[in-house]
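Overview (structure and organization)
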Amino acid sequence: MKTNKSSRSLVLGALLTMLLVPQAFAAGAMPIDLQTAINKAFATHPDIKIAEYNLESARGTYNAARESYGPAVTLSHKTGRYGQDASASVGGITMYSRAVGNSYSNTASVSVPIYTAGELEGTVAKAKANYEAYVLGEHKSYMDLKKTTTDAYYTLLECVNTVKVAQESVNTLADHLKNVKAQFDVGVVAKVDVLRSEVELSNARQTLIKAQNAYDLSESNLDNIMGIPQSTKLAPRETLQYAPYDSNMDYCINYALANRPDLRQSALAVKAAQGSLDVAKSGYRPQVAATASNVWENGTWPGTDNSNWTAGIGVSLNAFDSGVTKSKVSAAKAALLAQEETHRQNLDSATLDVRQCYLNLRESEKRISTTQTAVAQAEEDYRIAQVRYQAGVGTNTDVLDAQVALTTARNNFNQALYDYNMNKNALQTSMGIGAKPLIAAPVVKKDGGTMDKAQLAKYNQQQKVLKELKAAEKDADKVNRDTQLRLYNRNQYQTLSAAKAEAEQAAAREKQLAAEKKAAKEKAAAEKAAAKKLAAEQKAAAQKAAATNSK
């Protein structure tokens, strides 16, 4: 009777665990692989749309700045009503009258900047730098989203492995419990072995439930990133694998310094700060503009009679503004220097980021081989513990301890695989490896002989963005080189200035020591002379006293 009851318990437990395994949903699940997940995220995620809108906004600002060089035409119309009082003297009598009428005027004016003292140039340079930074920002959004999606996908695979290990632990403990109960039924083992085995099996089922919950959470997270309903069941087509990474640390660091979008954005921020400085300096110089206007006005609508035109060139110079321009220039200079230092700090931070990712990758890579060996050893240890227990020379505790060690070894191996893939993804992102998908060139349709217009538009837009990206990277690299040169020269100047100041301080200290030494020597000589004089006076006084006594 006990055997039937235990068998029913095992069957119910097996059914329960089968329902908890992700593969049980495979029939209604959506097959997914890493590239598919990334493509879906690229197509739907708000971060990409936000980056595109920000780019369009920056493009508009840049175009507005460039178009400020052209002429500006202003048209205006004014309609008014007036009253005019008049008086006249006739035969000694003053007569008063009031005239009421309408006035209509139309004005057309044109203004063209001729020389803005660097204000327009600085504004355009600043707007261009910001625009190019957003071009790189869109590229960075794809990189960041690729990392986020890849991390979520690897987390899902790691949860699959965790569930698998937990399921294997449940199955193994269930088989062991069956064996223990069989031996207990024939009186070979004590009741305590049965109870301990049941407790371990219950704990393993709890671990399996937690692992399944973690899988469900990671599945919903990946669904959310891909922009699909969060209740969608997924069936991963891949497993966590070890793919060796051959590049060394120096290569990774150099690649990152040359390709990371955020570093290029930082360099362009220096260019924007330089533009702001040029705008501030324009307040010191005159500005020249050409203007022309024509005015039509009369008392009859629409007011197109009585034409009067003017044309000329105007020059304006800020002669005195209570130091406002000087303060603006000072602030802009400080902002430029701060941005250059920020760029240098970002370069150092990027180097550290790559170094940390690379070292973490190599650390997890070493753990893969050691934990894989540990799994094989733990499996053999468990097999031996089972054989010894069945032969009556081992204890139930030995078997359970070996099972715990085996589960731990399997989880450690899976964790090492997961860490390796995550660290590899982090390293590639820290290096600035591109992620934005490329659209294939449209082809001529065989039936109608025409191109897909939508595909052609997307392709042309992609080529435009790639061209803009290339130009932005070129400008950023030039600014980066110039900034590094300025920082080097500034550091050299500061180093030389510090050395000069230290030498001057040392010379001053030596001069002071020499003066103190001379003063001490003079003081000693004076004290010696005073002592000699005192001795002579005392001797003379003694002689005088002796002479007086002798008389």
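For the structure, see preceding data.
These lines cover the structure that appears in this document, whether it is placed above or below. What you are looking at is a predicted structure, and each value in this text was computed from that prediction instead of being measured.

Remarks on the overall build of the chain
- Each helix and strand in the chain was counted, giving 10 helices and six strands.
- Counting over 551 residues, the chain shows a buried share of 33%.
- Long-range contacts, defined here as pairs at least 24 residues apart, represent 80% of the contacts in the chain between residues at least 6 apart.
- Element-wise, carbon and sulfur atoms account for 57% of the exposed surface of the chain, whose accessible area totals about 33200 Å².

Digging into the packing of helix H6 (residues 249-259) against helix H8 (residues 324-391)
- Running from amino to carboxyl end, H6 crosses H8 at an angle of 145°, the nearest separation of the two axes being 9 Å. Pair H6 / H8 crosses with right-handed handedness. Here Met249, Cys252, Ile253, Ala256 and Leu257 of H6 come into contact with H8, specifically with Leu347, Thr351, Val354, Arg355, Tyr358 and Leu359.
- The class makeup of the residues in the contact of H6 with H8 is nine nonpolar, one polar and one charged.

Some words on the nonpolar core
- Ranked by size, the top nonpolar core spans 65 residues in total, and within it Tyr154, Leu222 and Leu427 carry the most contacts.
- Elements represented by at least two residues in this core include exactly helix H2 (34-44), helix H4 (119-185), helix H5 (191-226), H6, H8 and helix H9 (396-431).
- Residue contributions to this core peak at 16 residues, all from H4.
- The contact partners of Leu427, leaving out residues within four places of it in the chain, are Tyr245, Cys252, Val354, Cys357, Tyr358 and Leu361.
- Ranked by size, the runner-up nonpolar core spans nine residues in total, among them Ala267, Val270, Leu277 and Val479.

Topic: the environment of Thr150
- Along the chain, Thr150 falls in helix H4.
- Apart from the residues within four sequence positions on either side, Thr150 is in contact with Leu34, Ile38 and Asn425.

Some thoughts on empty space enclosed by the protein
- Within the structure shown, the criterion is met by one cavity of 30 Å³ or more.
- The volume enclosed by the largest cavity comes to roughly 60 Å³.
- Looking at the largest cavity, it is lined by 12 residues, and the ones nearest its centre are Leu257, Leu263, Arg264, Asp477 and Asn480.
- Looking at side-chain class alone, the lining of the largest cavity contains six nonpolar, three polar and three charged residues.

What about the packing of aromatic side chains?
- Scanning all chains against the criterion turns up six aromatic pairs.
- Between the aromatic rings of Tyr153 and Tyr154, the centroid separation amounts to 6.5 Å while the plane-to-plane angle is 55°, which identifies the pairing as tilted. Tyr154 matches Tyr153 in its accessibility class, with the two residues each being buried.
- The ring of Tyr62 carries the charged tip of Arg66 above its face, separated from the ring centre by 4.4 Å.

Looking at H6
- Inspection of H6 places Met249, Cys252, Ile253 and Ala256 among the buried residues, and these make up the whole buried set. Angular distribution of buried residues about the axis of H6 spans 95°; they occupy a single face of the element. In this structure, H6 carries Asp250 and Asn254 as exposed residues pointing more than 90 degrees from its buried face.
- Buried residues in H6 make contact with helix H7 (261-281), H8 and H9.
- Put simply, Asn248 is the residue that caps the front of H6, since its side-chain oxygen is 3.4 Å from the backbone nitrogen of Asp250.

Topic: H9
- Taking 1.5 Å of rise per residue, the 36 residues of H9 would be expected to cover 52 Å, and the 52 Å separating its terminal C-alpha atoms lies within 8% of that figure.
- The element H9 is largely enclosed, with a buried count of 26 among its 36 residues.
- Where H9 ends, the next residue or the one after it, Gly432, has phi of about 85°, a positive value.

Focus on the packing of H4 against H8
- Relative orientation of the contacting elements H4 and H8 amounts to 10°, with a least axis distance of 12 Å. With respect to their mutual orientation, H4 and H8 come out roughly parallel. Judged by residue contacts, Thr172, His176, Asn179, Val180 and Gln183 of H4 engage Tyr382, Tyr389 and Gln390 from H8.

Here's the deal with the pattern of salt bridges
- In the structure shown here, the tally under the stated rule is 16 salt bridges.
- Between Arg237 and Asp33 there is a salt bridge whose closest N-O contact spans 3.3 Å. Here the residue Arg237 occupies a position in the loop between strand E4 (234-236) and H6, and Asp33 occupies one in the loop between strand E1 (30-32) and H2, the gap between them amounting to 204 residues.
- Residue Glu379 is joined to Arg410 by a salt bridge in which the shortest nitrogen-to-oxygen separation is 3.6 Å. Separated by 31 residues along the polypeptide, Glu379 in helix H8 and Arg410 in helix H9 bring together distant segments of the chain.
- We classify Glu379 as partly exposed; its relative accessible area is 38%.
- Where salt bridges share partners, they join Glu168, Glu379 and Arg410 into one cluster.

Observations concerning the environment of Val112
- The residue Val112 is located in strand E3 (residues 93-115) in this model.
- Judged by relative accessible area, Val112 falls into the partly exposed class, the value being 30%.
- In this structure the C-alpha to C-alpha distance between Val112 and Thr291, which are 179 residues apart in sequence, comes to 6.5 Å.
- With near-sequence residues (within four places) excluded, Val112 lies in contact with Tyr69, Pro71, Ala289 and Ala290.

Observations concerning the state of the cysteines
- Scanning the entire structure with this criterion turns up zero disulfides.
- Here Cys357 is not cross-linked by a disulfide; its sulfur's nearest cysteine counterpart is in Cys252, at 9.7 Å.

Quick notes on a nonpolar patch on the surface
- On the surface, a cluster of nonpolar side chains totalling about 420 Å² of accessible area is made up of Ile114, Tyr115, Ile313 and Val315.
- When contributions to the nonpolar patch are tallied by element, the ones reaching two or more residues are E3 and strand E6 (307-316).
- With respect to the secondary-structure elements, Ile114 resides in strand E3.
- Judged by its relative accessible area of 51%, Ile114 is exposed.

Rules used in this analysis
- Residues numbered from 1 in each chain as written.
- Predicted model: local features only at pLDDT ≥ 70, side-chain atom pairs only at ≥ 80, totals over all residues.
- Heavy atoms only, no water.
- Helix = DSSP H or I, 4+ residues; strand = E, 2+ residues; numbered from the N terminus.
- Buried < 20%, exposed > 50% of the residue type's maximum accessible area, 1.4 Å probe, protein only.
- Contact = heavy atoms within 4.5 Å.
- Areas by Shrake-Rupley, 256 points an atom, 1.4 Å probe, with all protein chains shown as cover.
- Axes fitted to C-alpha atoms, helices over the stretch in contact; angles between N-to-C directions.
- Left-handed = near helix turned anticlockwise from the far one by under 90°.
- Nonpolar A, V, L, I, M, F, W, Y, C, P; charged D, E, K, R; others polar.
- Core = buried A, V, L, I, M, F, W, Y, C linked by side-chain atoms within 4.5 Å.
- 1 Å grid on protein atoms, 1.4 Å probe; cavity = no way out; pocket = protein on both sides within 12 Å on 5 of 7 lines; lining within 4 Å.
- Points joined across faces, edges and corners; volume = space filled by probe spheres on them.
- Phe/Tyr/Trp six-rings, centres within 6.5 Å; stacked < 30°, edge-to-face > 60°.
- Lys NZ or Arg CZ within 6 Å of the ring centre and 35° of its normal.
- Arc of directions from axis to C-beta.
- Polar contact = N/O pair within 3.5 Å; in protein donor to acceptor, adjacent residues only side chain to side chain.
- Expected span 1.5 Å × (residues − 1).
- Parallel < 35°, antiparallel > 145°, perpendicular 65-115°, else oblique.
- Salt bridge = Lys/Arg side-chain N within 4 Å of Asp/Glu carboxyl O.
- Disulfide = S-S within 2.5 Å.
- Patch = residues over 30% accessible without salt bridge, like charges linked within 9 Å, V, L, I, M, F, W, Y side chains within 5 Å.

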